[in-house]
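Chains, contacts and geometry: an overview
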Amino acid sequence: MPGESPFSYDIAIIGMGYVGLPTSLAFVESGLRVLGVELSQLRIDAITGGHVDLLASDQERLTRAQKSGLLNVSSDSALISQAATVIVCVPTPVDAYLVPDLSLLRSACATVVQQAVAEQVLILTSTSYVGSTRDLMMNPLIERGFTPGTDIFIAFSPERINPGAAGYAHEDVPRVVGGATPNCTAAAATIVGGYVNQIHLVSSMETAEMTKLVENIFRAVNIALANEFADVSALLDLDVVEVINAAATKPYGFMPFLPGPGVGGHCIPCDPHYLLWQLHKERRSAPLIEQTMSLIAARPRRVVDRVRELLSTHRRGLTGTRVLVVGVAYKPDVEDVRESPALEVLSALQHEGAIVAYYDPLCPHVRLHDGSLLSSVSDPTEFGSEVAVIHTAHSGVDLGWLDEVEFVLDTSYTASAIAHAVRL
């Protein structure tokens, strides 16, 4: 029971972003004392003030957590030693050259190792290369004199949170757990099972790490395939969405993926490169994955080319044309622009000489890759759009005004109500 523990906190979660904060709230909902460790004071202030991008259900949980006093968010990493369990939930992005940026993960793991005390359960959830938990956490702890499975318990359990999607409660999404030893697996499974209804145990930390990579690479491959089907269907004058919906009626052997302008967020654009990077060290390749990532990376450029094609049918060019991008978040109903294809689309349109703006009530400001800052137009009808590119269609955002725009390119494949819209 929490009251019998020698620790001040039941759980410490390092990183209070799109994964760490909802995870913290799920543990608090189970009655546990949670410490959230976050280095950004802006993020701490946003959480304290309740001004964070959460599902309505999680926003309610945040309110209850603040009232209960079970959640403490702090920048003081020394408090980690006062937690019975430490969970690492920091971002693992890639740099401009698609090389894994492990700086945040290395720093977080080094802090955990430094602050570790006997009997703690240490769980890494951040997606990384196979062997990262062993390299960054287990081996340094052994060097400190700990014995995994005896006086310290180490495991990997990949996060499974889909920002902005309310279809699955946190408790109902099964979690995979793989520990350094059987005792480590059991200890970590007990912790994660404190709020999750179903745990799937695997034989090792490396198996759990590879599981997460497989999940997201599977999605990447199928999205690239859906994009290719969109191009083929357009050539054959077919509605690709109708085709995919028809195929999805098969109750086995098929999973629907829809085409789009590219992929964003923290998973699909980044995670496959961790495996490819690791394979390069072994002088091995994964041709299907490599080709998938190349096709995905080329998709935003296809959006710009398609705008040019639409204009050229009327003997017009991009230079000086007023183009409005509708929705810049990487997916509907979130405020998240991480790796959003819209950023590349906006930059490329500007480079081609177009007069560019965007409209997204959920994302008032975005910073492009060159460092320039753009702000959403408050009223899209006042921009004088000659071309509108539907990138992200948030629910509840009226797009009826697009009927008056001369050219509408629907890269989201959702704007069937706009009669003159053409698809990517």
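The preceding data block contains the structure.
Since we're looking at a predicted model, the values are computed, not measured.

Conventions and cut-offs
Residues numbered from 1 in each chain as written. Predicted model: local features only at pLDDT ≥ 70, side-chain atom pairs only at ≥ 80, totals over all residues. Heavy atoms only, no water. Helix = DSSP H or I, 4+ residues; strand = E, 2+ residues; numbered from the N terminus. Rg over C-alpha atoms; globule rule 2.2 N^0.38 Å. Buried < 20%, exposed > 50% of the residue type's maximum accessible area, 1.4 Å probe, protein only. Contact = heavy atoms within 4.5 Å. Areas by Shrake-Rupley, 256 points an atom, 1.4 Å probe, with all protein chains shown as cover. Core = buried A, V, L, I, M, F, W, Y, C linked by side-chain atoms within 4.5 Å. Lys, Arg positive; Asp, Glu negative; His and termini not counted. Salt bridge = Lys/Arg side-chain N within 4 Å of Asp/Glu carboxyl O. 1 Å grid on protein atoms, 1.4 Å probe; cavity = no way out; pocket = protein on both sides within 12 Å on 5 of 7 lines; lining within 4 Å. Points joined across faces, edges and corners; volume = space filled by probe spheres on them. Nonpolar A, V, L, I, M, F, W, Y, C, P; charged D, E, K, R; others polar. Axes fitted to C-alpha atoms, helices over the stretch in contact; angles between N-to-C directions. Parallel < 35°, antiparallel > 145°, perpendicular 65-115°, else oblique. Left-handed = near helix turned anticlockwise from the far one by under 90°.

Here we come to the overall build of the protein chain. Looking only at helices and strands, the protein chain features 11 helices and 15 strands. The C-alpha radius of gyration computed for the protein chain amounts to 23 Å, which stays within 12% of the reference 22 Å derived for 424 residues, consistent with globular compactness. Seen through its C-alpha atoms, the protein chain measures out along the principal axes to roughly 75 × 50 × 45 Å. Looking at the protein chain as a whole, 51% of its 424 residues are labelled buried. Counted over contacts in the protein chain with a minimum sequence separation of 6, partners at least 24 positions apart contribute 68%. Only carbon and sulfur atoms are counted for the fraction: they give 55% of the accessible area of the protein chain, which is about 19,300 Å².

When a protein is soluble and globular, its nonpolar side chains tend to lie buried together. Core analysis: the largest hydrophobic core is formed by 51 residues, its most contacted members being Ile 14, Val 86, Val 88, Leu 105, Leu 122, Met 137 and Leu 141. A total of eight residues in this core trace back to one element, the largest contributor, which is helix 7 (residues 205-235). Setting aside chain neighbours within four positions, we find Leu 122 in contact with Val 86, Val 112, Ala 116, Met 137, Leu 141, Ile 152, Phe 153, Ile 154 and Ala 155.

Along the chain, Glu 209 turns up in helix 7. Arg 134 provides the closest opposite charge to the buried, salt-bridge-free Glu 209, at an N-O distance of 7.2 Å. Apart from residues lying up to four places away in sequence, Glu 209 is in contact with Tyr 129, Val 130, Gly 131, Ser 132, Thr 133 and Phe 156.

Rolled over the atoms, a probe as big as a water molecule pinpoints where empty space is left. Taken as a whole, the second largest pocket spans an internal volume of roughly 520 Å³. If you trace the second largest pocket, you find 19 residues lining it, with Leu 98, Pro 269, Ala 297, Glu 339 and Glu 344 closest to the centre. Looking at the lining of the second largest pocket, the elements with two or more residues in it are helix 10 (287-312) and helix 11 (341-351). Residue contributions to the lining of the second largest pocket peak at five residues, all from helix 10. Its residues assigned to classes, the lining of the second largest pocket shows 11 nonpolar, five polar and three charged.

Between helix 9 (residues 271-281) and helix 10, the shortest axis-to-axis distance is 11 Å and the interhelical angle comes to 135 degrees. Considering the angle they form, helix 9 stands oblique to helix 10. As helix 9 packs across helix 10, the resulting crossing turns out to be left-handed. Here Pro 272, His 273, Leu 275, Leu 276 and His 280 of helix 9 lie close against helix 10, whose contacting residues are Ile 289, Glu 290 and Met 293. A breakdown of the residues in the contact of helix 9 with helix 10 according to their chemical character gives five nonpolar, two polar and one charged.

So, on to helix 9. All buried positions along helix 9 are accounted for by Asp 271, Pro 272, His 273, Tyr 274, Leu 275 and Leu 276. Residues of helix 9 that are buried in the fold lie against helix 7 and helix 10. The first or second residue beyond helix 9 is Arg 283, which carries a positive phi of 60 degrees.

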